Amino acid sequence: GIYVQAKAYGPGGQSYIVEADFLEGDTSRHDGGAWLKLDEWSNKKFKFETGGRHGLVRLAIDSGYRSHVVYTWVRQRKHIAMAVKGADGWGKPSLGAPTNVDINMAGKRIRKGAQLYTVGTYPLKAAHYTALRKDMNADGTFPGGYVHFTWGLAEAYFKQITGEFLSEETY
């Protein structure tokens, strides 16, 4: 299956986890199983407290597993989807410049195929954990970077987003 999360951003860098879910199904083919559910989910309009509805602006998909399937799915949805791959290290940009990934399901080159973006995981994870530690201000307002969560998220979701830690080692 495929884990999904819709995140919105507001003033002062505040973020809002609008929805998180698991789309159950086979992921071995880009045109079936969980990928069909991802198609439906990516076209969804999410309801906001203000009453408005908004769809996704961009969808990033980790290509670390079944890369060829991810590239094929993304290639057909360039208007919204992008393939990403984590890059360890502190000197990496949050989002790197794309590189062309020109293979199809049979391993043959495709001209102007999917693009792969590297994601600097260390700085993003550090920012993520810093944001999760923020408390509401004494006056009831929220500080910049504060993360708001929608009601009804499962305990498993919170275990996943807090399942890592940073440690300092000396040699």
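Definitions and limits used
- Residues numbered from 1 in each chain as written.
- Predicted model: local features only at pLDDT ≥ 70, side-chain atom pairs only at ≥ 80, totals over all residues.
- Heavy atoms only, no water.
- Helix = DSSP H or I, 4+ residues; strand = E, 2+ residues; numbered from the N terminus.
- Buried < 20%, exposed > 50% of the residue type's maximum accessible area, 1.4 Å probe, protein only.
- Contact = heavy atoms within 4.5 Å.
- Areas by Shrake-Rupley, 256 points an atom, 1.4 Å probe, with all protein chains shown as cover.
- Polar contact = N/O pair within 3.5 Å; in protein donor to acceptor, adjacent residues only side chain to side chain.
- Phe/Tyr/Trp six-rings, centres within 6.5 Å; stacked < 30°, edge-to-face > 60°.
- Pairing = 2+ DSSP bridges.
- Axes fitted to C-alpha atoms, helices over the stretch in contact; angles between N-to-C directions.
- Salt bridge = Lys/Arg side-chain N within 4 Å of Asp/Glu carboxyl O.
- Arc of directions from axis to C-beta.

### Considering the overall build of the protein chain
Now for step 1: Along its length, the protein chain carries four helices and nine strands.
Now for step 2: Helices and strands appear in the protein chain in the N-to-C order β-β-α-β-β-β-α-β-β-β-α-β-α.
Now for step 3: Looking at the 171 residues of the protein chain, the share that counts as buried comes to 34%.
Now for step 4: Taking as baseline every contact in the protein chain between residues at least 6 positions apart, the subset at least 24 positions apart corresponds to 48%.
Now for step 5: A total accessible area of about 11,500 Å² is found for the protein chain, and carbon and sulfur atoms account for 53% of it.

### Describing the side chain of R77
Now for step 1: Here R77 lies in the loop between α2 (67-75) and β6 (81-87).
Now for step 2: For R77, the side chain forms a polar contact with the side chain of D39, separated by 2.6 Å.

### Some remarks on the packing of aromatic side chains
Now for step 1: Tallied over the entire structure, the rule returns eight aromatic pairs.
Now for step 2: Judged by centre distance (4.6 Å) and plane angle (40 degrees), the rings of F142 and Y146 are tilted.
Now for step 3: Residue classification places F142 among the partly exposed positions, given a relative accessible area of 31%.
Now for step 4: For the pair F149 and Y157, a centre-to-centre distance of 6.3 Å together with 70 degrees between the ring planes defines the contact as edge-to-face.
Now for step 5: For F149, a relative accessible area of 32% corresponds to the partly exposed category.
Now for step 6: Through successive ring pairs, a cluster of aromatic residues spans F149, Y157 and F158.

### A closer look at the sheet that holds β6
Now for step 1: With mixed pairing, four strands are arranged side by side in an open sheet as β5-β6-β8-β7. Edge positions in the open sheet fall to β5 (59-62) and β7 (99-103), since each of these has one partner strand only. Adjacent strand axes in the sheet meet at a mean angle of 45 degrees when their direction is disregarded.
Now for step 2: Looking at chain direction, β7 and strand β8 (residues 109-120) are connected through four bridges and run antiparallel. For T99, the partnering residue across the bridge sits in β8 and is L116.
Now for step 3: The strands touched by helix α3 (residues 121-132) are β6 and β8; relative to β8, the strand with the most contacts, the crossing angle is about 50 degrees.

### Quick word on the pattern of salt bridges
Now for step 1: The tally for this structure, following the rule as stated, stands at five salt bridges.
Now for step 2: A salt bridge links E155 to K159; the shortest N-O distance between them is 3.4 Å. Here the residue E155 and the residue K159 both occupy positions in helix α4 (residues 155-161), the gap between them amounting to four residues, near one helical turn.
Now for step 3: A residue is classified by how much of its surface remains accessible, and E155, at 57% relative accessible area, is exposed.

### Quick notes on helix α1 (residues 34-42)
Now for step 1: When we look at burial in α1, the residues that qualify are A34, W35, L38, D39, W41 and S42. Mapping the buried residues of α1 onto a view down its axis gives an arc of 170 degrees, with all of them on the same face.
Now for step 2: In this structure, the buried residues of α1 make contact with β1 (2-9), β2 (15-23), β3 (46-47), β5 and α2.

### Considerations on the sheet that holds β1
Now for step 1: The sheet built from three strands is open, its strands ordered β1-β2-β9 with mixed pairing. Both outer strands of the open sheet, β1 and β9 (147-149), are each paired with one neighbouring strand and no more. The average angle at which neighbouring strand axes cross in this sheet is 30 degrees, direction not considered.
Now for step 2: Bridge count for β1 against β2 is eight bridges, and the pairing is antiparallel. The residue of β2 that forms the bridge with A6 is E19.
Now for step 3: Relative to β1, α1 is tilted by about 15 degrees, and along the sheet it contacts β1 and β2.

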